[in-house]
Structure formats: structure tokens, C-alpha cells
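Working through the structure, step by step
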Amino acid sequence: MNRIILFLFILISVNCNAQRIHYNAFSHNDYWRNRPLFDALDYGFNCVEADLWLINGELYVAHDRPEPNDSILFSELYLKPLSERIKENGGKVFPSSDRPFFLMVDCKTNGEEMYPLLKQQLNSYKNLFCSVEDGVYKEGAVLLFVSGDRPMDSIFAETNRIAFLDGRINDLGKDIPKIIMPVVSDNYNSYISWRGEGKIPEEELMKMRKLIKQTHDEGKLFRWWGAPDTPEFKRFFIKEGVDLVGADDLRTLSDVLE
């Protein structure tokens, strides 16, 4: 009997200590945190955003064009810490995860000019990333997808790559496979005018549901950006099937998801 009690105690302790992963939580402008990447990881967020600037042959992370500074290098803020964490966790960002961690990079300068350097830096950590080899998708610990000024020509031309594209609503219905474009993101305000006062108009609700369904029918994840950053909107999006829900306030979204 004592052995059974001890076993149950250990089992409960392990389950209580296991970190809950929020697969649909997206850390918007993640580099603004006190601890970029790590604050989001502590909350169990499975997706973070880094805005990239190509300046003098290096990639820097910032919202506005920064002064070059080694402390904001993309490799230092994201690639090296992710690599170290994945090694510590036996090949995953979260030990108990059943899917890749999402890293979205937003090209703030010309994407086609930036892409060769981005590829070069990613290749140093090639084994960590989801990839496409000879047209076949291979899953890794991290899936990186490119937004902003997207290098569409370069990525479409590649049969072997470790970068994917962030789609737009206008990209739907064009037979673009999810192994090129696994996510569709767009500006909420360009499609929906409702800002949370009263009930959402039925016409706009149906429009949003149609867009989300079309995205899901193509096997892709859906994300809005530019929507009101309130708990009510986060609950609404989760209820309606938005796959990646952005947050500036990590705690608020974590509380909603919990």
C-alpha cells in the first residue's frame, strides 16, 4: 500500500511540474520583453515574432531601424538560445511538445536582399529546423516562417529549404501548398470593422468564419494582426478557431488560455 501511495505521489508531482504549452499563443513583438524569447517560453507560448533588419551585412532585431548593437543580433537573441534549449530538452523546445515551435521573422528591409544572409545563419543550425528536401517536408524542433517584405521569388524557387512563408488572405485559393505557406496572417482592420462594442454584425462574423474555414481547408493556420489587444477579443478569436492569437501582454493571454 505504501508503495502505491508513493507511486501516486510521484505521478501527481510530475504532472503538476510539467509545463503547459499554449500552442496557439503568439508573442507579438517578442523582442520588447525584458527577456526576449525566454519570457514567452516561461508562459508556455509556442510562437514568437522577431522583426529583422539587414544592416551592413548583419541581421538585427528591432521594431524601428536600430543602431547596430551585438546585443540585438538575431543569432544572439534567438538562434543560439533556441539551439541550447533544444539540446537541453532532448531535441525539443518544450520537452513534452508534440509539434514544432514557431519562430516568425518579419522582414523590415528588402526580403530578397535579406534572405541569403538569413539562410546562411539558419544553415548553421540546420538540424534544428523543419525543412523541405526535394519537395518532401521533414519536421524539426522549430518551424521558421517569413513575414513582412517576404522573399516570395526565392522561396518559391527552392526545392530544398528551411524557411517557410507567412501567407496573406489574398494568397488563399491559389493552390499554394502548406509546405511553402503553413500560416495565413492578415490585418484584422482590412476585413472586419467590429471593435468589440455590442455584438459583431452577422455579415462580418460570417465573413471571418469563411476566411478561417478556407485557411483550414488548405491545411494552414490562421492569424489576425492589428486586432484590439483585449481579453474579450482573445476569447472571441479562440472560440472562432483562430490558430495563433497574438499578445503584447503575455500574462493576460496566458490567463485567458488557463
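Summary of the structure given here. Not measured: the values here are computed from a predicted model. (Residues numbered from 1 in each chain as written. Predicted model: local features only at pLDDT ≥ 70, side-chain atom pairs only at ≥ 80, totals over all residues. Heavy atoms only, no water.)

Quick look at helix α9 (residues 250-257)
To be explicit about the condition: Buried, partly exposed and exposed residues are distinguished by accessible area as a fraction of the type maximum, computed with a 1.4 Å probe on protein chains only: under 20%, between the cut-offs, and over 50%, respectively. Numbering of helices and strands runs from the N terminus, with a helix taken as a DSSP run of H or I at least four residues long and a strand as a DSSP run of E at least two residues long. To obtain the arc, one takes the directions from the helix axis to the C-beta atoms. Contacts between residues were defined by any pair of non-hydrogen atoms, one from each residue, lying within 4.5 Å. Here a polar contact is recorded for every N or O atom pair within 3.5 Å, except that within protein the pair must consist of a potential hydrogen donor and a potential acceptor, and residues adjacent in sequence are included only if both atoms are side-chain atoms.
Of the residues making up α9, those classed as buried are Leu250, Leu253, Ser254, Val256 and Leu257. Take α9 and look down its axis: the buried residues cluster within an arc of 160 degrees, on one side only. Of the exposed residues in α9, those oriented more than 90 degrees away from the buried face are Arg251 and Asp255. Summarising the contacts, the buried residues of α9 are in contact with β1 (22-27), α2 (38-42), β2 (45-55), α8 (231-240) and β11 (245-247). N-cap assignment for α9: the residue whose side-chain oxygen lies 3.1 Å from the backbone N of arginine 251 is aspartate 249.

Considering helix α7 (residues 202-217)
Quick reminder of the rule: What a helix is expected to span follows from its residue count: subtract one and scale by 1.5 Å.
Counted at 1.5 Å a residue, the expected span for α7 with its 16 residues is 22 Å, and the 22 Å between its end C-alpha atoms agrees. Residues Glu204, Leu205, Met208, Leu211, Ile212 and Thr215 constitute the buried set of α7. The buried residues of α7 occupy an angular sector of 130 degrees when projected down its axis, which confines them to one face. Residues of α7 that are exposed and angled more than 90 degrees away from the buried face: Glu203, Lys210, Lys213 and Asp217. Structurally, α7 contributes buried residues whose contacts are with β9 (183-187), α6 (188-191), β10 (221-225) and α8. With its phi angle positive at about 75 degrees, glycine 219 sits one or two positions after the end of α7.

Thoughts on the nonpolar core
Spelled out, the test is: Buried residues of nine kinds, namely Ala, Val, Leu, Ile, Met, Phe, Trp, Tyr and Cys, make up a nonpolar core once their side-chain atoms join them within 4.5 Å.
Phe74, Tyr78, Leu118, Leu144 and Trp224 are the most contacted members of the largest nonpolar core, which totals 65 residues. The greatest single-element share of this core, amounting to six residues, is contributed by helix α3 (residues 74-88). Excluding its chain neighbours within four sequence positions, the residues that come into contact with tryptophan 224 are Ile169, Asp186, Asn187, Tyr188, Tyr191, Ile192, Met208, Leu211, Phe237, Val242 and Leu244. In terms of nonpolar packing, the next biggest core, distinct from the first, is built from eleven residues, Val132, Leu143, Val183 and Leu244 among them.

Let's talk about the pattern of salt bridges
Filter applied, for reference: Any Lys or Arg side-chain nitrogen found within 4 Å of a carboxyl oxygen on Asp or Glu counts as a salt bridge.
Inspection of the entire model under this criterion finds 16 salt bridges. Notably, a salt bridge pairs aspartate 42 with arginine 35, separated by 2.8 Å at the nearest N-O pair. In this structure, lysine 138 engages glutamate 133 in a salt bridge whose closest nitrogen and oxygen atoms are separated by 3.2 Å. Connected through shared salt-bridge partners, Arg35, Asp39 and Asp42 make up one network.

Looking at the packing of α7 against α8
For the record, the criterion: Fitting a line to C-alpha atoms yields each axis, with helices limited to the stretch in contact; the angle taken between N-to-C directions then spans 0 to 180 degrees. Angles below 35 degrees are treated as roughly parallel, those above 145 as roughly antiparallel, those between 65 and 115 as roughly perpendicular, and all remaining angles as oblique. Side-chain classes follow a simple rule in which Ala, Val, Leu, Ile, Met, Phe, Trp, Tyr, Cys and Pro form the nonpolar group, Asp, Glu, Lys and Arg form the charged group, and the remainder, Gly included, forms the polar group.
One can describe the packing of α7 onto α8 by two numbers: an axis separation of 11 Å at closest approach and a directional angle of 55 degrees. When the interaxial angle is binned, α7 and α8 end up oblique. When α7 is examined against α8, the residues Leu205, Met208, Arg209 and Ile212 are found in contact with a partner set consisting of Phe236, Phe237, Lys239 and Glu240. Residues of the contact of α7 with α8, tallied by class, amount to five nonpolar, no polar and three charged.

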